[in-house]
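As a plain string of letters, each chain reads:
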Amino acid sequence: MGDVLKRTVNLIRSLHGFPAFQSKVKHMLCSTALSFLGPAFEVVGRHVPEFRKEIESWEEGRRFALRVLPKGPAITLEKSGDMIRYLGKGLKSPHITLSFKNYDSALPVLMGIAGSHQAFAENRILVEGDLAKTMEINRVVNIVNAYLLPGIATKKVLKRAPKMTLRDYINKGKVYAGLVPAVVRHLI
Amino acid sequence: MIPHYYQHFCPVKILSGHNAVSNIPFEMDILGCRRAMVVTDKGVVDAGLINLVREAFADSDKEIGYVFDEVLPDSSNRLVNKLAKLFEKEKCDCFLAVGGGSALDTAKGANIVISEGTDDILLLQGNEIIKKELLPMIAVPTTSGTGSEVTKVAVIYNEEKNIKMAFASDRLYPRVAVLDSRMTMTVPPKLTAATGMDALTHAMEAYTCMQKNPIDDVFARAAIELIRKYLVRAVENGKDEEARLGMANASLLAGIAFSNSMVGMVHALAHACGGVCHVPHGIANAILLPHGLEFNIQSIPRPIAELSGMLGGSIEFMEEKEQAMVTVSLVKNLLGRLNRISGLPVRLRDAGVAEDKLPAIASAAINDGALAFNPVEVSYDEALEVLKKAY
């Protein structure tokens, strides 16, 4: 049975046009994940005091982008007041750009299978801009992950999964409840 | 354990020997270069080390175009731009950096300016942003610690914006590293001890941090074993050629290891100590190394335990955490010995750090890029706690 499956998979992979199709699927997955991640910064910022405290010292208007090289999707975010605003898809004059080398580098991180620290360690991410500010961004990404991903995933994705209090769980619930409307709002 | 994924790269040709500097003109020939821009500082010139380099050129058709000896302890964008202009004016075709990390970083910075055709390298900070091929650079370290001769990193201070700009690119590796025992012979005992502990920190963090991999483990192990054998000897007797060359090799091996495996919380804290209180990098690393290792035992006791054997400790078949604590005490013993023979500080208070600066150091440390590679998450409170212990 295993052999049959293996041969079938090999056959599919050898089909003309399969690599292009696979690439399109990966593009779609990355693009969808980023469509959720961008608004998630806004929603987490609204409900999580720890997030607002973390960005308190950031200069107003700091823009950062996440993208997938060479021609993958990108999103840009901006510090505005006590929150991070999602500016939408594409690069919009960011001060700092975090670029995944390719879809395979990006997918585990964007799908919540691997952490950003692991991506840095494994040279999956290139940084354009101030490295100290990138560390600050990385901490914020970790907070977003902690409230976006289920507990079992945060243990794998974060170096140290946060100990959630009842209030944190309530905030997590608010993040889940607010995420889909936020994504839809940005799509319209 | 084999990591899920890792990279290793070191394209540097290495020359090591008691008269290795003599081979520089030949290496320039291989690189297709004719006229070198020597980048150094006044201390190196006063110590007579540039004379050794000049002697090497005496019987060759290669020449020294200019000796730029204005390098300061921290490389800056103003200095880098000045050097780049001089390089072009003097029609040089390669850099010959002779000095510590700052001289090498200044040469790397000027190389970026010239090759990228910009006078604002601020736009190129980050990792793997430099797209153009750089000019050949030959590195001759005069201290055994930074490992800059085999690293892909340059740190340059931006005077206008008051920030340290970090550049990391595979293009920043020098083409040739020249280790000559004569070049480190004049380094005083305390500095020899501090730079040697810097090299030990590079090797130990490379061996224990997140990008640890089988290739860099080999370099880190070799470095630690050389440091164990030669550091105290080089501090006790600066004229010991074998010990000097041994330490130069240790520094280079540790440099290769950490350029790929990166460093962790000890470096993050040490960079912050340097930024806030101007503690020399090697001294800060020396003081913080045992405390950083101790903090990380909670997550990675095994690699820290393995270090004890490299430092000459016996393997007592203890629990991993106990054996890891043996490593910590061996590092503390080494620090104590270096303190007795050279006056190397073992506490932050002895290195000129005021206690009320510890919160500012902790704040700066948690934004340091090195922390991304530490196996354990370090919060502000935890960084402050480690600093208090080291104080």
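This one's a predicted model, so the numbers in the text were calculated from it and none came from an experiment.

**Student:** Can you help me understand a nonpolar patch on the surface in this one?
**Tutor:** Residues and elements named next belong to chain A. Among the surface-exposed residues, Phe21, Val25, Met28, Leu29, Met111 and Ile113 lie close enough to one another that they form a single nonpolar patch of about 550 Å² accessible area. Among the structural elements, phenylalanine 21 can be located in helix H2 (residues 18-47). Accessibility expressed as a relative area gives 52% for phenylalanine 21, which makes it exposed.

**Student:** Just checking my understanding: could you explain the UniProt feature "domain: Alcohol dehydrogenase iron-type/glycerol dehydrogenase GldA" (unreviewed entry) in chain B for this structure?
**Tutor:** The UniProt feature table records "domain: Alcohol dehydrogenase iron-type/glycerol dehydrogenase GldA" (unreviewed entry) at residues 11-180 of chain B. Taken as a whole, residues 11-180 of chain B contains 30% helix and 27% strand, while its terminal C-alpha atoms sit 20 Å from one another.

**Student:** Looking at this structure, I do not really get helix H12 (residues 320-342) of chain B. What am I missing?
**Tutor:** Each α-helix winds once per 3.6 residues, and so residues spaced three or four apart point in a common direction. Residues and elements named next belong to chain B. With 23 residues, H12 should reach 33 Å at 1.5 Å per residue; the first-to-last C-alpha distance of 33 Å fits that figure. Every buried residue belonging to H12 is among Gln323, Ala324, Thr327, Val328, Val331, Leu334, Leu335, Gly336, Leu338 and Ser342, and all of these are buried. Looking at the packing, one finds that the buried side of H12 touches helix H6 (189-208), helix H7 (214-236), helix H10 (281-296) and helix H11 (301-310). Trailing H12 by a residue or two, glycine 343 shows a phi angle of about 85°, which is positive.

**Student:** Explain the domain arrangement of chain B here, please?
**Tutor:** Buried accessible area, meaning the area lost when the parts come together, often serves as the stated size of an interface. Residue and element names in this part refer to chain B. Taken as a whole, chain B is organised into domain 1 (13-183) and domain 2 (189-390). Each of domain 1 and domain 2 was reduced to a C-alpha centroid, and the two centroids are 26 Å apart. If you look at the interface, domain 1 gives 17 residues, while domain 2 gives 19 residues. A buried area of about 1,500 Å², summed over both sides, lies between domain 1 and domain 2, and 63% of it is on carbon and sulfur atoms. Sorting the residues of domain 1 by area buried against domain 2 places Ser144, Gly145 and Leu179 first, and these three jointly supply 32% of that buried surface. Along the contact surface separating domain 1 from domain 2 lie zero salt bridges. Looking at the side of domain 1 that touches domain 2, the elements that each hand over two or more residues are strand E1 (13-17) and strand E9 (176-180). With three residues, the top contributor of residues to the side of domain 1 that touches domain 2 is E1. A breakdown of the residues in the side of domain 1 that touches domain 2 according to their chemical character gives five nonpolar, 10 polar and two charged.

**Student:** I would appreciate a short explanation of the pattern of salt bridges in the present structure.
**Tutor:** A side chain with one charge can pair with a side chain of the opposite charge if their charged atoms come near. On inspection of all chains with the given rule, the structure shows 31 salt bridges over all chains. Between Glu382(B) and Arg160(A) there is a salt bridge whose closest N-O contact spans 2.8 Å. With one member in each of two chains, Glu382(B) in helix H14 (residues 380-390) and Arg160(A) in the loop between helix H7 (151-157) and helix H8 (166-187) form a pair that bridges those chains. On the basis of relative accessible area, Arg160(A) is assigned to the partly exposed category, the value being 35%. The salt bridge partner of Glu236(B) is Arg337(B), with a shortest N-O separation of 3.5 Å. In this pair, Glu236(B) sits in helix H7 while Arg337(B) sits in helix H12, placing the two residues 101 residues apart along the sequence. Put simply, Glu59(A), Arg62(A), Lys133(A) and Glu136(A) are held in one network by salt bridges that share partners.

**Student:** Just to check I follow, could you spell out the nonpolar core for this structure?
**Tutor:** With 127 residues, the main nonpolar core has Phe41(A), Phe51(A), Met197(B), Leu288(B) and Leu348(B) as its most contacted residues. Those residues in contact with Leu288(B) that sit more than four places away from it in its chain are Val266(B), Leu269(B), Ala270(B), Cys273(B), Leu348(B), Leu387(B) and Ala390(B). Core analysis: the next-biggest nonpolar cluster, separate from the first, contains 33 residues, Val71(B), Ala103(B), Ala154(B) and Phe167(B) among them.

**Student:** Hey, could you run me through the environment of Ser314(B) in this one?
**Tutor:** Take Ser314(B): it is sitting in the loop between H11 and H12. Between the alpha carbons of Ser314(B) and Val326(B) there is a distance of 9.0 Å; along the sequence they are 12 residues apart.

**Student:** How should the side chain of Asp130(A) be read in this particular structure?
**Tutor:** Following the sequence through the fold, Asp130(A) ends up in the loop between strand E5 (125-128) and helix H6 (131-148). Within the buried core, Asp130(A) has no salt-bridge partner, and the shortest N-O distance to an opposite charge, that of Lys133(A), equals 4.5 Å. Here Ala132(A) takes part through its backbone nitrogen, which lies 2.8 Å from a polar atom of the side chain of Asp130(A). Those residues in contact with Asp130(A) that lie beyond four places of it in its chain are Ile96(A), Gln125(B) and Ile163(B).

**Student:** Is there a simple way to think about helix H3 (residues 49-57) of chain B in this case?
**Tutor:** All names here are of chain B. Leu49, Ile50, Leu52, Val53, Ala56 and Phe57 are the residues of H3 that are buried. Take H3 and look down its axis: the buried residues cluster within an arc of 155°, on one side only. Residues of H3 that are buried in the fold lie against helix H1 (24-31), strand E2 (35-39), helix H2 (42-46), strand E3 (63-68) and strand E4 (94-99).

**Student:** Got a minute to help me understand the sheet that holds E9(B) in this structure?
**Tutor:** To summarise the sheet geometry, strands pair through backbone hydrogen bonds and adopt either a parallel or an antiparallel arrangement. All names here are of chain B. Pairing is parallel across the open sheet formed by six strands, whose spatial order is E1-E9-E6-E4-E2-E3. Each having just a single partner strand, E1 and E3 make up the two edges of the open sheet. Neighbour-to-neighbour, the strand axes of the sheet open up by a mean angle of 20°, direction not taken into account. With five bridges joining them, E2 and E3 adopt parallel strand pairing. Paired with methionine 37 across the strands is tyrosine 66, a residue of E3. Contacts between helix H4 (residues 77-89) and the sheet are confined to E2, E3 and E4, with E3 contributing the most and set at about 150° to the helix.

**Student:** Would you mind going over the pairing of strand E6 (residues 137-141) of chain B with me for this structure?
**Tutor:** Regular strands show a simple pattern: their side chains alternate between the two faces of the sheet. All names here are of chain B. Of all five residues in E6, five are buried, a share of seventy percent or more. Side chains Met137, Ala139 and Pro141 of E6 all project onto a buried face; the interleaved residues Ile138 and Val140 project onto the opposite face, where all are buried too. Here E4 runs beside E6; their pairing, made up of five bridges, is parallel. Paired with phenylalanine 95 across the strands is methionine 137, a residue of E6.

**Student:** Is there a simple way to think about the pairing of strand E7 (residues 153-158) of chain B in this case?
**Tutor:** Residue and element names in this part refer to chain B. Residues Ala154, Ile156 and Asn158 line the buried face of E7, whereas the alternating positions Val153, Val155 and Tyr157 sit on a face that is not buried. Examined bridge by bridge, E7 and strand E8 (residues 163-168) share six bridges and lie antiparallel to one another. By the bridge assignment, isoleucine 156 is partnered in E8 with methionine 165. Two successive antiparallel strands, E7 and E8, enclose a turn made up of four residues, where asparagine 162 displays a positive phi of approximately 55°.

The rules we used
Residues numbered from 1 in each chain as written. Chains lettered and ligands numbered in written order. Predicted model: local features only at pLDDT ≥ 70, side-chain atom pairs only at ≥ 80, totals over all residues. Heavy atoms only, no water. Patch = residues over 30% accessible without salt bridge, like charges linked within 9 Å, V, L, I, M, F, W, Y side chains within 5 Å. Areas by Shrake-Rupley, 256 points an atom, 1.4 Å probe, with all protein chains shown as cover. Salt bridge = Lys/Arg side-chain N within 4 Å of Asp/Glu carboxyl O. Helix = DSSP H or I, 4+ residues; strand = E, 2+ residues; numbered from the N terminus. Buried < 20%, exposed > 50% of the residue type's maximum accessible area, 1.4 Å probe, protein only. UniProt positions renumbered as here; feature names shortened; annotations may be inferred. Expected span 1.5 Å × (residues − 1). Contact = heavy atoms within 4.5 Å. Domains from an automatic or database assignment. Buried area = accessible area lost by both parts, 1.4 Å probe. Nonpolar A, V, L, I, M, F, W, Y, C, P; charged D, E, K, R; others polar. Core = buried A, V, L, I, M, F, W, Y, C linked by side-chain atoms within 4.5 Å. Lys, Arg positive; Asp, Glu negative; His and termini not counted. Polar contact = N/O pair within 3.5 Å; in protein donor to acceptor, adjacent residues only side chain to side chain. Arc of directions from axis to C-beta. Pairing = 2+ DSSP bridges. Axes fitted to C-alpha atoms, helices over the stretch in contact; angles between N-to-C directions.

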